[in-house]
Amino acid sequence: EDEIASSIAIQGAMWAGKKVMTVTSGPGLSLMMEHIGLAVIAEVPCVIVDVQRGGPSTGLPTMPAQADMMQVKWGSHGDYEIIAICPNSPQECFDLMIKAFNLSETFRVPVFFMMDEVVGHMVERVAIPEASKIEITERRWSKKKPGEYKPYETGPDMVPDLVKAGDGHRIHITGLTHDERGYPALNPTAQKKLVERLINKIRLRKDELVDVRQDGVEGAEVVVISFGITSRVAQAAVEEARRKGVKVGHLRLVIFWPFPSSLIAELSKRVKTFIVPELNMGQMVLEVERAVAGRAAVVSLPHAGGTVHEPQVILDKILEASSRGGKTPEGVAGPASKGGSR
C-alpha cells in the first residue's frame with residue numbers, strides 16, 4: 001500500500017526464494033531508507049528503481065532531476081556499500097536492469113537503478129534478444145543440509161550462500177549486528193568483522209564494477225563527465241565543440257557507485273579540465289573533485305531540475321575551458337574551478 005510496505009515486502013519475498021524489485025521516486029525513496037539499511041545488513045539481493053524528480057519533499061512531480069545520487073549512497077545510517085546504475089535510454093533500461101539483478105545476486109546487496117523523469121517517460125525502440133541469449137546470474141544456493149548451514153558463513157569472496165524458507169532450514173535473520181549464525185552479537189568485535197565484510201565485499205572488487213562509456217577521451221584537453229539524461233544533452237554540446245576544433249571527450253557514468261575514482265584520477269594526469277553537468281546543485285562533481293585531487297580544473301555545471309540543461313550552456317563551458325587552457329584565473333592548472341552556483 002505504500003513505499004514502506006513495499007520495501008519490506010520484497011525482502012520477505014526474497015527469503016521465500018524470489019528475485020525482487022520495487023520502484024519509486026524521490027519522496028518514496030526517503031521512506032524506504034530504514035529498510036534499505038536492513039537489506040544491506042541482512043544481505044538481501046534486490047533492485048530498487050528510483051525515477052528521480054525535482055525535490056526536496058513533494059517537489060516537482062513528473063519533472064526531471066538527478067538529485068538523489070548521494071542519497072542512495074549515504075541515505076541510510078551506518079557504514080555500508082551499495083551498487084548504483086544509471087541508464088540513459090529505454091534500451092539501457094532493459095539491458096542494465098538485467099545487469100542490476102545479476103549484480104544484486106553476485107554481491108548479495110541492494111542495487112539502485114537511477115532513472116530520471118525524462119528517461120522514465122521516453123519512447124524509443126528496444127531490441128529484446130531471445131531469452132536463451134540473456135545472461136542470468138542465478139542465486140547461489142547453499143548445498144549444506146539443515147543444521148549445517150550458517151546464513152552468514154562466507155568463503156573468499158565474502159558473500160554468503162543463500163537458502164529459502166520451506167527447505168527445512170531453521171535460520172535467524174536480524175537487523176542487529178550478528179555472527180555467522182545470524183544471531184545477535186552486540187559487541188565491538190562482531191561489529192568490526194561484519195561491517196568490514198559488508199564494505200569490502202564490494203570495495204575490494206570495485207575494479208570489476210567500473211562501467212563507463214568513453215567517447216574521444218584519449219587526447220582530450222577537456223572532458224565532460226555526465227550520466228543519465230544529462231549525458232544525451234551533453235553529447236550534443238560535445239559534438240558541436242568538436243566541430244569548432246576543441247579537443248573534448250565525453251565520459252558517461254553507467255555504474256556510479258562504486259565511483260570509478262582510479263580511472264578519473266589517471267585521466268586527470270592528462271586532462272586539463274573536467275566539466276560536470278548534472279540536474280542537481282552539485283553532487284557527483286564532489287566525487288570528481290576528490291578523484292582529481294587538484295591535478296586538473298573541475299567545473300561544476302548545476303541545474304535545479306524541472307527541465308534539462310540547454311546544450312548551449314554546456315557548450316559555452318567547454319569553449320570557456322578550452323580558451324583558458326585548463327588554467328584557473330590565477331593562471332595555475334589546479335582544483336575546483338566552479339561554473340554556475342553551488
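Only a predicted model underlies this, so the values are computations on that prediction, with no experimental measurement involved.

## Topic: the nonpolar core
By size, the foremost hydrophobic cluster in this structure holds 73 residues, and its most contacted members are Phe 113, Phe 256 and Phe 274. What Phe 274 contacts, discounting residues up to four positions off in sequence, is Val 223, Ile 225, Ile 264, Leu 267, Ser 268, Val 288, Val 292, Ala 296, Ala 297, Val 298 and Val 299. Counting 16 residues, the second largest nonpolar core, distinct from the first, contains Val 233, Val 246, Ile 275 and Ile 318.

## Notes on the packing of aromatic side chains
Across all of its chains, the model carries two aromatic pairs by this definition. Aromatic side chains Phe 227 and Phe 256 sit 6.4 Å apart centroid to centroid with 25° between the ring planes, which places their arrangement in the stacked category. Of this pair, Phe 227 sits in the loop between strand E7 (222-226) and helix H7 (229-243) while Phe 256 sits in strand E9 (residues 255-257); the two residues are 29 residues apart in sequence, bridging distant segments of the chain. With respect to class, Phe 227 is no different from Phe 256; both count as buried. Note on Phe 256 and Trp 257: the rings are 6.0 Å apart at their centroids and 55° apart in plane angle, and the pair reads as tilted. Each of the two residues, Phe 256 as well as Trp 257, counts as buried. Ring pairs connect the aromatic residues Phe 227, Phe 256 and Trp 257, which therefore count as one cluster. Here Lys 73 stacks its cationic end above the ring of Trp 74, 5.0 Å away from the centre of that ring. Above the plane of the ring of Trp 141 lies Lys 164, whose end atom (NZ or CZ) is 4.9 Å from the centre.

## Concerning unusual backbone geometry
Cis geometry marks the peptide bond from Gly 55 to Pro 56, where omega comes out at 5°. Positionally, Pro 56 belongs in the loop between strand E2 (46-54) and strand E3 (60-64). The omega torsion across Trp 257 and Pro 258 is 0°, close enough to zero to call that bond cis. Here Pro 258 shows up in the loop between E9 and helix H8 (261-267). Even without being glycine, Glu 43 reaches a positive phi, approximately 55°. With respect to the element layout, Glu 43 can be found in the loop between helix H2 (26-41) and E2. Its relative accessible area of 0% is what places Glu 43 among the buried residues. Of note, Arg 108 is a non-glycine position whose phi angle comes to about 50°, a positive value.

What counts as what
- Starting from 1, residues in each chain are numbered consecutively following that chain's sequence as written.
- Under the rules for a predicted model, residues below a pLDDT of 70 receive no local features and side-chain atom pairs below 80 are neither given nor counted, while totals for whole chains, interfaces and linings still include all residues.
- Based on all heavy atoms of the structure, the side-chain values leave hydrogens and waters out of the count.
- Think of a nonpolar core as a cluster: buried Ala, Val, Leu, Ile, Met, Phe, Trp, Tyr and Cys residues, connected wherever their side-chain atoms sit within 4.5 Å.
- Think of it in three bands: residues with accessible area under 20% of the maximum for their type are buried, residues over 50% are exposed, and the middle band is partly exposed, with areas taken using a 1.4 Å probe on protein chains only.
- Any pair of residues with heavy atoms lying within 4.5 Å of one another is described as a contacting pair.
- Whether two aromatic rings pair depends on their centres lying within 6.5 Å, for rings of Phe, Tyr and Trp, where Trp uses its six-membered ring; planes under 30 degrees apart make the pair stacked, over 60 edge-to-face, and the rest tilted.
- Under the DSSP-based scheme used, a helix requires at least four consecutive residues in state H or I and a strand at least two consecutive residues in state E, with every element numbered from the N terminus.
- Charges are assigned to positions over rings by a cutoff of 6 Å between ring centre and Lys NZ or Arg CZ, combined with an angular limit of 35 degrees from the ring normal.

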